[in-house]
Amino acid sequence: MTSPTASPTPSRRRWLQLSASLGLAWASLQAHTAWAQKMESGQLQTLAQMIEPITQGAKVVQQDVTITAPILADNGSLVPLGVQVQSPMTAQDYVTHLYLLSQRNPVTRMAVFHMGPWNGRAEINTRVRLAGTQAVVALARLSSGEFRYGMMDIIVTESACVDAS
């Protein structure tokens with residue numbers, strides 16, 4: 001004989017409570033994910049807004065960083081992008097990090113490449129997603145603590161990142 005308080009299957013009220021709890025947990029997770037990735041969807045950022053969280057007041061110079069990409073990209077989902085930084089890449093003078101930053105994407109920091117003298121050359125080639133026409137910035141951190149950057153405007157005819165991914 002079963003007790004009237006101990007039901008083998010959850011009641012309708014308990015299912016509703018569980019569903020509501022799961023919904024709140026999911027919404028909270030999505031909000032925290034967006035905050036953690038610093039999504040700035042729908043907002044065109046200035047150069048200072050893009051680089052300040054990384055440079056934190058360090059010296060920044062626009063030199064020695066070359067971006068190679070098409071000026072007009074038919075599809076924002078796969079835009080080929082190459083970056084070259086003029087650096088001797090010796091044990092005393094080398095690029096430590098190379099950041100690819102987006103002015104319009106939901107997540108500003110598209111990629112971070114860790115480098116060192118073992119690379120031989122400070123050069124990368126990749127493909128990125130772009131959420132519309134925007135400026136793309138390549139920011140190089142040097143072993144001296146200085147930052148150098150290059151910037152390029154890319155016109156995108158069919159935008160990617162529409163779903164904030």
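Residues numbered from 1 in each chain as written. Predicted model: local features only at pLDDT ≥ 70, side-chain atom pairs only at ≥ 80, totals over all residues. Heavy atoms only, no water.

Novice: Can you explain the side chain of histidine 97? Please cite residues and give values.
Specialist: One can find histidine 97 in strand 5 (residues 95-102). Of note is the side chain of histidine 97, whose polar atom sits 3.0 Å from the side chain of threonine 96. In contact with histidine 97, other than residues within four places in its own chain, are Val112, Phe113, His114, Leu139, Ala140 and Arg141. (Helix = DSSP H or I, 4+ residues; strand = E, 2+ residues; numbered from the N terminus. Polar contact = N/O pair within 3.5 Å; in protein donor to acceptor, adjacent residues only side chain to side chain. Contact = heavy atoms within 4.5 Å.)

Novice: Any details on helix 2 (residues 47-55)? Residues and values, ideally.
Specialist: Taken as a whole, helix 2 has its buried residues at Met50, Ile51, Ile54 and Thr55. Relative to the axis of helix 2, the buried residues are bounded by an arc of 105° and lie together on one face. Buried residues belonging to helix 2 abut strand 1 (60-61), strand 5, strand 6 (109-114), strand 8 (134-142) and strand 9 (147-156). Phi turns positive, to about 45°, at glutamine 56, one or two residues after helix 2. (Buried < 20%, exposed > 50% of the residue type's maximum accessible area, 1.4 Å probe, protein only. Arc of directions from axis to C-beta.)

Novice: Give me the confidence of the model for the protein: which residues, what numbers.
Specialist: In low-pLDDT segments, the atomic positions of the prediction should not be examined closely. Predicted confidence across the protein gives a mean pLDDT of 85, with 78% of residues reaching 70 or more. Taken as a whole, residues 32-37 scores under 50 in pLDDT and shows two contacts with residues more than four places along the chain or in a different chain. (pLDDT = per-residue confidence, 0-100.)

Novice: Could you give an account of the pattern of salt bridges, naming the residues involved and the relevant values?
Specialist: Using the criterion set out here, one finds three salt bridges in the structure. Across the pair glutamate 146 and arginine 148 runs a salt bridge, and its minimum N-O distance is 3.1 Å. Of the two residues examined, glutamate 146 and arginine 148, each falls in the buried class. By sharing partners, the salt bridges in this structure join Asp64, Glu146 and Arg148 into a single network. (Salt bridge = Lys/Arg side-chain N within 4 Å of Asp/Glu carboxyl O.)

Novice: Which residues make up the nonpolar core, and what values go with them?
Specialist: The tendency in soluble globular proteins is for nonpolar side chains to be buried side by side. Counting 25 residues, the largest nonpolar core has Leu81, Val83, Val85, Val95, Leu98, Leu100 and Ile154 as its most contacted members. Elements represented by at least two residues in this core include exactly strand 2 (65-68), strand 4 (79-85), strand 5, strand 7 (122-128), strand 8 and strand 9. Counting nine residues, the second-largest nonpolar core is a separate cluster that includes Tyr99, Val137, Phe147 and Tyr149. (Core = buried A, V, L, I, M, F, W, Y, C linked by side-chain atoms within 4.5 Å.)

Novice: Describe the side chain of glutamine 45, naming the residues involved and giving the relevant values.
Specialist: Here glutamine 45 lies in the loop between helix 1 (12-36) and helix 2. Under the relative-accessibility criterion, glutamine 45 is labelled buried at 6%. Side chain to side chain, glutamine 45 and threonine 108 meet in a polar contact 3.1 Å long.

Novice: Explain the sheet that holds strand 2 to me, and be specific about the residues and the numbers.
Specialist: Strands sit in the order 2-4-7 across an open sheet of three strands; the sheet is antiparallel. Sheet topology places strand 2 and strand 7 at the edges, where each strand pairs with a single neighbour. Each neighbouring strand pair of the sheet contributes to a mean axis angle of 15°, computed without reference to strand direction. Inspection of the sheet shows strand 2 paired to strand 4 by four bridges, in the antiparallel sense. The partner of threonine 66 across the bridge, within strand 4, is glutamine 84. (Pairing = 2+ DSSP bridges. Axes fitted to C-alpha atoms, helices over the stretch in contact; angles between N-to-C directions.)

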